[in-house]
Amino acid sequence: MALFSTYNRLPVSVKQAEGTIVEDIDGKKYLDFGSGIGVVNLGHRNPAVQEAVEKQLNSYWHVSNLYHVPIQEEVATQITKHSVGDYVFFCNSGAEANEAAIKLARKVTGKKTVITFKQSFHGRTFATMAATGQEKVKDGFGPMLESFVYATYNDITSVQHKVDENTAAIMLEVIQGEGGVIPADTTFLAQVSELCKEKNILLIVDEIQTGMGRTGKKFAYEHYGIEPDIFTLAKGLGNGLPVGAMVAKKEYAHAFGPGSHASTFGGNPIAMAAAKAVTETIFTDEFLQDVKEIATYLSEQLIENIQPLAYVKEIRQKGMMIGIACHAPVAPIMQKMLDKGVFVLNAGESVIRLLPPLVVTKKEIDQVVGLLKETIESL
Ligand SMILES: *Cc1c(COP(=O)(O)O)cnc(C)c1O
């Protein structure tokens, strides 16, 4: 055993995967209702993505950012055409995208403090670990990078109390993912956005989990009528290939000039080929309409079959991002669902999190909801 045991792994050894199904080395098949933690939104080895990647594999893999890599411009244009952003920096993960956002915010404003939120999750690097409002993520790694302060989510007064002349940015998830699938209140986000404008503070929205069609919109900020100054993407952007992006408005482009920030692999052509196919698929009205319809169906099934169970406290859902808050730890539910051939996620101790592939069928939903009901009832 040569791997660090940084992950608490479930007893499944993967052999292959296609669409919504993962197969293990013993030939057992699992319905994947976690999508690799919100990554393979279009299903495993989505044919359009696979074709684009194979084509790029036969063209070139890497030349570095010393040269123009035209496919980067194509993906950046796809993202900016479909969002409030104007410029994109490509990197390889969510944490790196947030690092870039924090660096840009400090450079643009000349100020240092970033307000984030309790229960938030922004990554595991030093800056993003400091940004994360969960002690368990930081345990043993101090001292933390300074100038991060934590407000209470959905409480505008607590945000107002944290703002001062040093505040560079307010950074948030519009639906806290790892923190338990907790959506922001519409008024709260409107007030945060207003406060940012008033005090010249940048609003950074971490869309790493909520973006790329997950909630039924291209980006989840669209549900709230707010415009982030900066937003970040990763997870679903490459449908399984590692890619992250930091997207910002044109007013801030000057702060990221030549030599200011870089990544050797950032904008890697293979990852870009995947991202291009992903954006071309997801950023269409027809696709997003289908996501909304299947999400409505899933919602109806959950309300009818899961909500009434005594074990269940509350169901929180935005599109295809679902948190089932329970009265007790959910680890046994995850294990039993695994035995029955279904991957589900948790978010903290007592929340089951479902992030099904956006292309899931009604039949697959019926199957999973049935098994979930049976499992919870058996406890
Ligand atoms: C997963 C996640 C991250 C971190 O992404 P990595 O690719 O693991 O670095 C950051 N923010 C949010 C909201 C996430 O869900």
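Because the structure is a prediction, the values reported are computed rather than measured.

*Asks:* Is there a simple way to explain the UniProt feature "binding site: N(2)-acetyl-L-ornithine" (unreviewed entry) in the chain in this structure?
*Replies:* Taking the UniProt record as the reference, the feature "binding site: N(2)-acetyl-L-ornithine" (unreviewed entry) is found at Arg-124 and Ser-263. By secondary structure assignment, the location of Arg-124 is in the loop between strand 5 (113-117) and helix 5 (126-131). Since its relative accessible area comes to 58%, Arg-124 is described here as exposed. Ignoring any residue separated from it by four or fewer positions in sequence, one finds Arg-124 in contact with Ala-95, Met-129 and Val-137. Position of Ser-263 among the secondary structure elements: in the loop between strand 12 (244-248) and helix 9 (269-282). Beyond its immediate sequence surroundings of up to four residues, Ser-263 is in contact with Asn-65, Phe-89, Phe-90, Asn-92 and Glu-96.

*Asks:* Looking at this structure, I do not really get the site of the ligand. What am I missing?
*Replies:* As a matter of local geometry, the ligand sits amid Ser-93, Gly-94, Ala-95, Asn-98, Phe-121, His-122, Glu-173, Asp-206, Ile-208, Gln-209 and Lys-235. Between the ligand and the protein, one listed contact pairs a nitrogen atom with a side-chain N or O atom of Asp-206 at 2.7 Å. For the ligand, whose accessible area on its own is 380 Å², the fraction buried by protein is 81%. It is helix 4 (residues 94-109) that provides the largest number of residues to the shell around the ligand, a total of three residues. Looking at side-chain class alone, the shell around the ligand contains three nonpolar, five polar and three charged residues.

*Asks:* In this structure, what is going on with the pattern of salt bridges? I would like to understand it.
*Replies:* Think of it this way: side chains of opposite charge can pair up when their charged atoms draw near. Using the criterion set out here, one finds eight salt bridges in the structure. Ionic pairing is found between Glu-23 and Lys-15, a salt bridge with its closest N-O pair at 4.0 Å. We classify Glu-23 as buried; its relative accessible area is 15%. With a shortest N-O distance of 3.0 Å, Glu-178 and Arg-353 are connected by a salt bridge. Remark: Arg-353 occurs in strand 17 (residues 351-354) and Glu-178 occurs in the loop between strand 8 (175-176) and strand 9 (182-183); sequence separation between them is 175 residues. Here the residues in one salt-bridge network are Glu-74, Lys-276 and Glu-280, joined through shared partners.

*Asks:* Teacher, can you tell me more about the domain arrangement of the chain here?
*Replies:* Often, the extent of an interface is quoted as the loss of accessible area upon association of its parts. In terms of domains, the chain is made up of domain 1 (14-32 + 285-378) and domain 2 (47-282). Placing a centre on the C-alpha atoms of domain 1 and another on those of domain 2 gives a separation of 27 Å. Each side of the interface is counted separately: domain 1 has 19 residues, and domain 2 has 20 residues. Buried area between domain 1 and domain 2, summed over both chains or domains, comes out near 1,600 Å², and the portion from carbon and sulfur atoms is 64%. Ranking the residues of domain 1 by area buried against domain 2 places Leu-288, Lys-318 and Met-321 at the top, with a combined share of 39%. Summed over the shared surface of domain 1 and domain 2, the result is one salt bridge. In this assembly, domain 1 and domain 2 are joined by six residue pairs in polar contact (both at pLDDT 80 or more). Among the elements of the structure, helix 10 (285-305), strand 13 (312-318), strand 14 (321-326) and strand 17 are those that each provide at least two residues to the side of domain 1 that touches domain 2. The biggest single contributor to the side of domain 1 that touches domain 2 is helix 10, with four residues.

*Asks:* How should a negative patch on the surface be read in this particular structure?
*Replies:* Residues Asp-285, Glu-286, Asp-290 and Glu-293 make up a contiguous surface patch of negative charge. Since its relative accessible area comes to 62%, Asp-285 is described here as exposed.

*Asks:* Would you take a moment to explain helix 11 (residues 331-339) for this structure?
*Replies:* Working note: α-helix, 3.6 residues per turn, so residues spaced by three or four point in the same direction. Among the residues of helix 11, Ile-333, Met-334, Met-337 and Leu-338 are the ones counted as buried. Along the long axis of helix 11, the arc covered by the buried residues comes to 135 degrees, so they all point the same way. Taken together, the buried residues of helix 11 touch strand 3 (29-32), strand 14, strand 15 (342-343), strand 16 (345-346), strand 17 and helix 12 (362-377). Looking one or two places after helix 11, you find Gly-341, whose phi comes out positive at around 90 degrees.

*Asks:* How should I be thinking about the pairing of strand 10 (residues 202-206) in this particular structure?
*Replies:* Judged by how many residues are buried, strand 10 sits mostly within the fold: five of five residues are covered. Here strand 7 (residues 167-172) pairs with strand 10 via four bridges, running parallel. Counterpart to Met-171 in the pairing with strand 10 is Ile-204. Pairing geometry for strand 10 and strand 11 (residues 230-233), over three bridges, is parallel. Following the sheet pairing, Asp-206 is matched in strand 11 by Thr-232.

Conventions and cut-offs
- Residues numbered from 1 in each chain as written.
- Predicted model: local features only at pLDDT ≥ 70, side-chain atom pairs only at ≥ 80, totals over all residues.
- Heavy atoms only, no water.
- UniProt positions renumbered as here; feature names shortened; annotations may be inferred.
- Helix = DSSP H or I, 4+ residues; strand = E, 2+ residues; numbered from the N terminus.
- Buried < 20%, exposed > 50% of the residue type's maximum accessible area, 1.4 Å probe, protein only.
- Contact = heavy atoms within 4.5 Å.
- Near = heavy atom within 4 Å.
- Polar contact = N/O pair within 3.5 Å; in protein donor to acceptor, adjacent residues only side chain to side chain.
- Areas by Shrake-Rupley, 256 points an atom, 1.4 Å probe, with all protein chains shown as cover.
- Nonpolar A, V, L, I, M, F, W, Y, C, P; charged D, E, K, R; others polar.
- Salt bridge = Lys/Arg side-chain N within 4 Å of Asp/Glu carboxyl O.
- Domains from an automatic or database assignment.
- Buried area = accessible area lost by both parts, 1.4 Å probe.
- Patch = residues over 30% accessible without salt bridge, like charges linked within 9 Å, V, L, I, M, F, W, Y side chains within 5 Å.
- Lys, Arg positive; Asp, Glu negative; His and termini not counted.
- Charge placed at Lys NZ, Arg CZ, Asp CG, Glu CD.
- Arc of directions from axis to C-beta.
- Pairing = 2+ DSSP bridges.

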